[in-house]
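# Chain and residue survey
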Amino acid sequence: MQISAIDVFPVHLPMLQSFSISGGKVGDKNAGAPHVYVKVTTDDGIEGWGEARPSHRWSYETIETVVTTINNYFVDALKGVSIFALEEIHYIMDKQIASGITRGQPIAKAAIDMAVLDAIAKTIHQPIVHSWFTEPQNMITLSYLISVSNEEEAAEKARIAKAEGYSGVDVKIGINPGKDLAILKTIKEILPDVYFRVDANQAYHLKDAMRLCKGMEEIGISVFEQPLVAGDLIGHAKLREFTTIPIALDESIWTPADVVRAIQLSACDMIVIKVTKMGGLSRAKRCGDIAKAAGLELLGGGLTESSLGLYASAHLFQALDIATPVDLNGPLFLADDPSKEMAVIQEGKIQLPKGNGIGWIVDKKKLKQYSITV
Ligand SMILES: [Mg+2]
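Predicted model only: the values in this text are computed from it and were never measured.

## Comments concerning the coordination of the magnesium ion
Listed as protein donors to the magnesium ion are Asp199 (OD), Glu225 (OE) and Asp250 (OD); their distances from the metal cover 2.0 to 2.3 Å. Written as a sequence motif, the donor residues of the magnesium ion are D-x25-E-x24-D. Here Glu225 lies in strand β10 (residues 223-225) and Asp199 lies in strand β9 (residues 195-199), a separation of 26 residues in the sequence. On the accessibility criterion, Asp199 (0% relative accessible area) is buried.

Structure, rendered in structure tokens:
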């Protein structure tokens, strides 16, 4: 069961709409969304699939670095390694691309980890959740992503979320900071009972975040995610002392060591589990287990992955018992992806595929159609 080949497929997927966070556009409708698919083939002919979804507005990894990292540094080093030696696979990847002041390109590593776990589960003819000793579930409940710059757009999006039956929203703020509270109030009036996640993507300084928290306490939101820059755990701890709103960390938490530091500094109430930023399913699971053991809650998120990354993440979130609506919003933004059957949202939920591995089946024609050269 050794790795005999690793193939990398960079694509630009067609988008239904552009997508912005406080740092700028992470997906442009005209350019398409950057995704990288990875196929790990074993000497028995099993194919495992993984996905990376880099964005230079969210972290330092780009579609170019994902492709060159895997092709130039991982492919030869991983050939001949058993797929069951997942820890060794990570050891080799971490040795090839060391983490220093950065995290060592976890988004590229995540695609390999996902593909290897898919191959392992297919080899033993089991759904991937059996790797985590849980049973597969049918559906995952999503939050509706709202990323707008004024109250009118906010009202329009909130009405769509209501009409479509979503039980949670994820509101991006800091895009037009002067309008943040007005936007949140507008959404809360239309959706008073949903799980109300507010994500600043590092947009604020501590004093501004404190001011904002006072207003948000009156509005009544469920959680305030990543208000300050990723490295400022002390600031997050101070904000947590100041407000009654639970504080979640996302961009601050990439590794199990980050989780431990956040726990030591009492910097948050929750962490956001994301498969790609954490270097794959196996490390994301470890981050989640550590946080849970310390009494933190977990939120589920993604980087607008397509159906493959979405299904893989959803399986993990269920294994981690994440109960709140999760932020896996690729299908809100993507017009198509290289799946035989693309993930479809119905009443704020997505039906998960059955079958061995992740349960995702590639459409090779579409993979070729959307491929780009980097
Ligand atoms: Mg976030």
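And the narrative resumes.
## A look at the sheet that holds strand β5 (residues 47-52)
One open sheet holds the three strands; their spatial order is β1-β4-β5, and the pairing between them is antiparallel. Edge positions in the sheet fall to β1 (3-13) and β5, since each has one partner strand and no second. Averaged over all adjacent pairs, the angle separating strand axes in this sheet is 20 degrees, with direction ignored. As paired strands, strand β4 (residues 33-42) and β5 are joined by six bridges and run antiparallel to one another.

## With respect to the UniProt feature "domain: Mandelate racemase/muconate lactonizing enzyme C-terminal" (unreviewed entry) in the protein
As annotated in UniProt, the feature "domain: Mandelate racemase/muconate lactonizing enzyme C-terminal" (unreviewed entry) corresponds to residues 151-246 in the numbering used here. With 50% helix and 14% strand, residues 151-246 has its two end C-alpha atoms placed 24 Å apart.

## So, the environment of Leu298
In this structure, Leu298 sits in strand β13 (residues 297-300). By relative accessible area, which is 9% here, Leu298 ends up buried. Non-local contacts of Leu298, meaning those with residues more than four positions away in its chain, are made with Ile271, Ile273, Gly288, Ala291, Lys292, Leu320, Ile322 and Thr324.

## Things to note about the packing of aromatic side chains
A complete count under the given rule lists six aromatic pairs for this structure. Taking 4.4 Å as the distance between ring centres and 20 degrees as the angle between the ring planes, the aromatic pair formed by Phe19 and Phe333 counts as stacked. Within this pair, whereas Phe19 is found in strand β2 (residues 19-21), its partner Phe333 is found in helix α11 (residues 330-333), the two being separated by 314 residues in sequence. The exposure class assigned to Phe19 is buried, which follows from its relative accessible area of 7%. You can call Phe333 buried: its relative accessible area is 4%. Following the ring pairs from residue to residue traces out a cluster consisting of Phe9, Tyr37, Trp49 and Trp360.

## Details of helix α8 (residues 256-264)
Buried within α8 are the following residues: Pro256, Asp258, Val259 and Ala262. The arc that holds the buried residues of α8, viewed along the axis, is 160 degrees, so those residues lie on one side. Residues of α8 that are buried in the fold lie against α7 (233-242), β11 (247-249), β12 (270-273) and α9 (281-293). Immediately downstream of α8, the backbone of Ser266 shows phi near 50 degrees, a positive value.

Definitions and cut-offs
Residues numbered from 1 in each chain as written. Predicted model: local features only at pLDDT ≥ 70, side-chain atom pairs only at ≥ 80, totals over all residues. Heavy atoms only, no water. Donors = N, O, S within 2.8 Å, 3.2 Å for Na, K, Ca; no water. Helix = DSSP H or I, 4+ residues; strand = E, 2+ residues; numbered from the N terminus. Buried < 20%, exposed > 50% of the residue type's maximum accessible area, 1.4 Å probe, protein only. Pairing = 2+ DSSP bridges. Axes fitted to C-alpha atoms, helices over the stretch in contact; angles between N-to-C directions. UniProt positions renumbered as here; feature names shortened; annotations may be inferred. Contact = heavy atoms within 4.5 Å. Phe/Tyr/Trp six-rings, centres within 6.5 Å; stacked < 30°, edge-to-face > 60°. Arc of directions from axis to C-beta.

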